[in-house]
Amino acid sequence: MELQLGLSLPSTPIFPFKMLDLNSYGYELREGLGPFGINVNNNCDSCSSSCSSSSSGGADDGGGGTKKRRLFDEENRIVPKTLPLLFWTNQRPNDEDEPKDVDDHSSSAIFKNDGEGLVGWPPVKAWRKKVRRRVANVRAAVENSCGGRASSSTYVKVKMEGNAIARKIDISLHHSFESLTTTLMRMFDISDENGQKSFKLTYLDREGDWLLAEDVPWRTFIGSLKCIKLIRSRC
Amino acid sequence: MPKRLASSLSDEVLEHVFSFIQSEKDRNVVSAVCKSWYEIERWCRRKIFVGNCYAVSPEMVIRRFPQVRSIELKGKPHFTDFNLVPDGWGGYVLPWITEMAGAYPWLDEIRLKRMVVTDESLELIAKSFKDFKVLVLASCEGFSTDGLAAIAASCKNLRELDLRESEVDDSSVHWLSHFPETYTSMVSLNISCLGSGEVSFSALERLVSRCPNLRSLKLNRAVPLDKTANILRLAPQLVEFSACTYSAELRSDVFSNLAGAFSNCKELRSLSGFWDVVPDYLPAIYSVCSRLTSLNLSYATILSPDLIKLVSHCPSLQRLLVLDYIEDSGLEALASNCKDLQELRVFPSDPFDAEPNASLTEQGLVAVSLGCPKLQSVLYFCRRMSNAALVTIAQNRPNLNRFRLCIIEPNTADYLTGEPFDVGFGAIVEHCKALIRLSLSGLLTDCVFEYIGKYAKKLEMLSVAFAGDSDLGLHHVLSGCESLRKLEIRDCPFGDKALLTNAAKLETMQSLWMSSCSVSFEACKLLSQKMPRLNVEVIDERGPPDSRPENCTVDKLYIYRSVAGPRFDMPPFVWTKDEDLALRLSP
């Protein structure tokens, strides 16, 4: 049984919550919520006037509520010994912060960070990934031996570092790294020799790892390929 | 000194009365009635649950509760499951075992989750507790089959050994053979996490055949099909069984042997495993399907048509775990066949592919919410969702108590309207008044947090990722959710203001996790200095946080309340306030 640490919130809040009247906060609440029937503004009014939670500061109930505690009567309130760590000011939070980066919704965020992928997303347990890896390998091996690919489509996305536009390539037309590389160089207009040497072929496998294509045999590459990225080799 | 209010009842009578009170919450209330009840209760408390092993020290637990028989401890934060907590963070059980070895000679149950368990700990358990009965190691690591051998050899009355989802090193010891021939007490054995080299099949068969009380058996993947049939024939009394590897092609002799073995198992209620299953073998289990209440197919690559056939044989199903191969059509079949369904978990077969590889959408979940009146617990991975669907689900199933939705692509909007999911999740928290656990996903603004703070009064655990616009979002949750115990956040623009304004709230919660948010090290230090009953841990592998520019935000932050003070087993990448650093033992 959970040990009761007996910590409940102080009866008077540690910090002046003047700005917890959400309606006067300055934060624009969404209106017109369509057919779903939740009208935020109405609800918020009724909520703030009847809110009696000791944890939230609630609204200044000039509007008529039944709350007994006058939280904003500063002269009468005794501030406990614990010092206020922050006064919640009238200012819109994070005003001085940079505007939130609008994510590029067109490319998958799972593959962002320059191809490194998001750690721990989607939230599938590492244990489950490991088991599925074993299962997937078995499946891939079975399907490869029958000559087919795991998914029905043979087109894979190809991106090049520094190039915003992704292309698609029909992987079933290729049977070796040489032919694949030649096609890719042509596709991205990289003139041979120097161009070829300055790029490395990497790919995302079915387990979500980015790997160097040159490290694996062609069959393995084909069996677990999800998409391709050409990155600049730095040597 | 005022006369004892309860003086009309003697201590023995009170203790007898208290023995009927099992729930920890009730026990806590009882102990707070008056000093004498506190005293009596603490001497007769037998079961302890510690949700965060660092919230209290073993010495403190022992001092208050001297006669404990059963303990459950949890260590690392939940996001460890998704590789967000670096190795070596902590959660070591040895200090606990060491203290309890001396203080609780009659301890017979130890249940651990996300803790580091060494062979030394296991050997100490085997040696110290004479009547040891139950060992559950869930998502633990740090031990090998050597430790298991020690347990097998010494614990004559062991009833339960459950290693679910733990990582066990193979020391090449045939640990199963260490159970003496005279050992017959096993009731529940879960070794599904072990690799193929770690289980001797003949030792397993002998063990199963001499344990008549065996009710739950979860084997690892290396046991072939014909052996599976043998095991089942040795233990027809099984209630729970985790099946093993299915062979690649159907052989009619193996099939009929297996079908016969299953048909003997009249008590079987729960099946799982099914790795590499070939659908042709599924009919072998049809004889038990009508009685099945729990089915875990989440490792099986069975496609929708076969899944539909299977669930149509299982009208008593209460719990189903499955991959998205079930598709909307399979979930519709589930909704019409399984009216007793209480829990549904749908996992992604290919979580890293931007394109869906199975036709599973929000429609499947809507169908189940409509057709299954007892549905309480949902975990659902999908690639598209709408507010309309969420509102429908909320209205259909106000009895939901756990709702975890993962729209795989971060920041995905309502596919019908392009809107964020504020309204949809708002409907969930508004209608589902008993909701205790919620996980959010998709495009979300601060508005959803306002709804959560307003309506989710019973919510105990909230998981948030890639959501919100500003500190106001976090502020709504911390100021509104009265029952909140665990809050875990990643990749949200929440920062110092919301955290510091709600500092007092943090002491009423078990823990707060924030990673890739906008909290500064300065704020962490301030919080740590002013709130001595909080442990504020900055987890940052890039080096000392104060060596970076002031406006640099911390990588990961884990705050938890504790009466044990700062811990002394922190690795180098965990940073706390300066005074703590001086107290650390040198590495």
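Overview of the structure. (Residues numbered from 1 in each chain as written. Chains lettered and ligands numbered in written order. Predicted model: local features only at pLDDT ≥ 70, side-chain atom pairs only at ≥ 80, totals over all residues. Heavy atoms only, no water.)

1. Regarding the overall build of chain A
Here is step 1 of the chain: Assigned secondary structure in chain A consists of five helices and five strands.
Here is step 2 of the chain: Ordered by position in the sequence, the α and β elements of chain A form the string α-α-β-β-α-α-β-β-α-β.
Here is step 3 of the chain: Considering chain A as a whole, with its 235 residues, one finds that 39% of them fall into the buried category.
Here is step 4 of the chain: Considering only contacts in chain A between residues 6 or more positions apart, those separated by 24 or more positions represent 52%.
Here is step 5 of the chain: When the accessible area of chain A is evaluated, it comes to approximately 13,900 Å², of which 50% is carbon and sulfur surface. (Helix = DSSP H or I, 4+ residues; strand = E, 2+ residues; numbered from the N terminus. Buried < 20%, exposed > 50% of the residue type's maximum accessible area, 1.4 Å probe, protein only. Contact = heavy atoms within 4.5 Å. Areas by Shrake-Rupley, 256 points an atom, 1.4 Å probe, with all protein chains shown as cover.)

2. Examining the sheet that holds strand β2 (residues 163-170) of chain A
All names here are of chain A.
Here is step 1 of the chain: Spatially, five strands are ordered β2-β1-β5-β3-β4 in an open sheet, and the strand pairing comes out mixed. The sheet is open, and its two edges are formed by β2 and β4 (210-212), each paired on a single side. In this sheet, neighbouring strand axes are inclined to one another by 30° on average, regardless of whether the strands run parallel or antiparallel.
Here is step 2 of the chain: As defined by bridge partners, strand β1 (residues 155-160) adjoins strand β5 (residues 225-232) across four bridges and the pair is classed as parallel. Paired with M160 across the two strands is L230, which belongs to β5.
Here is step 3 of the chain: Lying over the sheet, helix α3 (residues 177-187) contacts β1, β2, β3 (199-205) and β5, oriented at roughly 140° with respect to β2. (Pairing = 2+ DSSP bridges. Axes fitted to C-alpha atoms, helices over the stretch in contact; angles between N-to-C directions.)

3. What about the pattern of salt bridges?
All names here are of chain B.
Here is step 1 of the chain: Taken as a whole and judged by the stated rule, the model has 28 salt bridges over all chains.
Here is step 2 of the chain: A salt bridge links R164 to D162, with the shortest nitrogen-to-oxygen separation between them at 2.7 Å.
Here is step 3 of the chain: Take R164: its relative accessible area is 40%, and that puts it in the partly exposed class.
Here is step 4 of the chain: In this structure D162 comes out as buried when scored by relative accessible area, which is 5%.
Here is step 5 of the chain: Residue E507 is joined to R533 by a salt bridge in which the shortest nitrogen-to-oxygen separation is 3.2 Å. With E507 in the loop between α20 (503-506) and β20 (511-515) and R533 in the loop between α21 (521-530) and β21 (534-539), the pair connects residues that are 26 residues apart, well separated along the chain.
Here is step 6 of the chain: For E507, a relative accessible area of 12% puts it in the buried group.
Here is step 7 of the chain: Connected via shared salt-bridge partners are R27, E41 and R45. (Salt bridge = Lys/Arg side-chain N within 4 Å of Asp/Glu carboxyl O.)

4. With respect to the nonpolar core
Here is step 1 of the chain: In terms of nonpolar packing, the biggest core is built from 202 residues, with F241(B), F403(B), L438(B) and I452(B) touching the most fellow members.
Here is step 2 of the chain: Residues in contact with I452(B), not counting those within four places in the same chain, are V429(B), L438(B), L440(B), L459(B), L462(B), V477(B) and C481(B).
Here is step 3 of the chain: Of all hydrophobic cores here, the second largest spans 22 residues; its members include F188(A), Y203(A), V216(A) and I222(A). (Core = buried A, V, L, I, M, F, W, Y, C linked by side-chain atoms within 4.5 Å.)

5. Re the packing of aromatic side chains
All names here are of chain B.
Here is step 1 of the chain: For the structure on display, the rule yields 21 aromatic pairs over all chains.
Here is step 2 of the chain: Judged by centre distance (6.2 Å) and plane angle (80°), the ring pair of F79 and W513 falls under edge-to-face. Of this pair, F79 sits in the loop between β2 (70-74) and α5 (94-103) while W513 sits in strand β20, and the two are 434 residues apart along the sequence.
Here is step 3 of the chain: Overall, F79 belongs to the buried group, its relative accessible area being 6%.
Here is step 4 of the chain: A relative accessible area of 2% places W513 in the buried class.
Here is step 5 of the chain: Where W513 meets Y558, the ring centres are 6.0 Å apart and the plane angle is 55°; that geometry is what we call tilted. Taken together, the residues span a long stretch of sequence, with W513 in strand β20 and Y558 in strand β22 (residues 556-561) at a distance of 45 residues. Exposure class is identical for W513 and Y558. Each is buried.
Here is step 6 of the chain: An aromatic cluster of at least three residues, connected via ring pairs, comprises Y54, F79, F82, W89, W513, Y558 and Y560.
Here is step 7 of the chain: Taking the ring centre of Y415 as reference, the NZ or CZ of R384 above it sits at 4.0 Å.
Here is step 8 of the chain: Note that R567 overlies the ring of Y54, its terminal NZ or CZ placed 4.4 Å from the centroid. (Phe/Tyr/Trp six-rings, centres within 6.5 Å; stacked < 30°, edge-to-face > 60°. Lys NZ or Arg CZ within 6 Å of the ring centre and 35° of its normal.)

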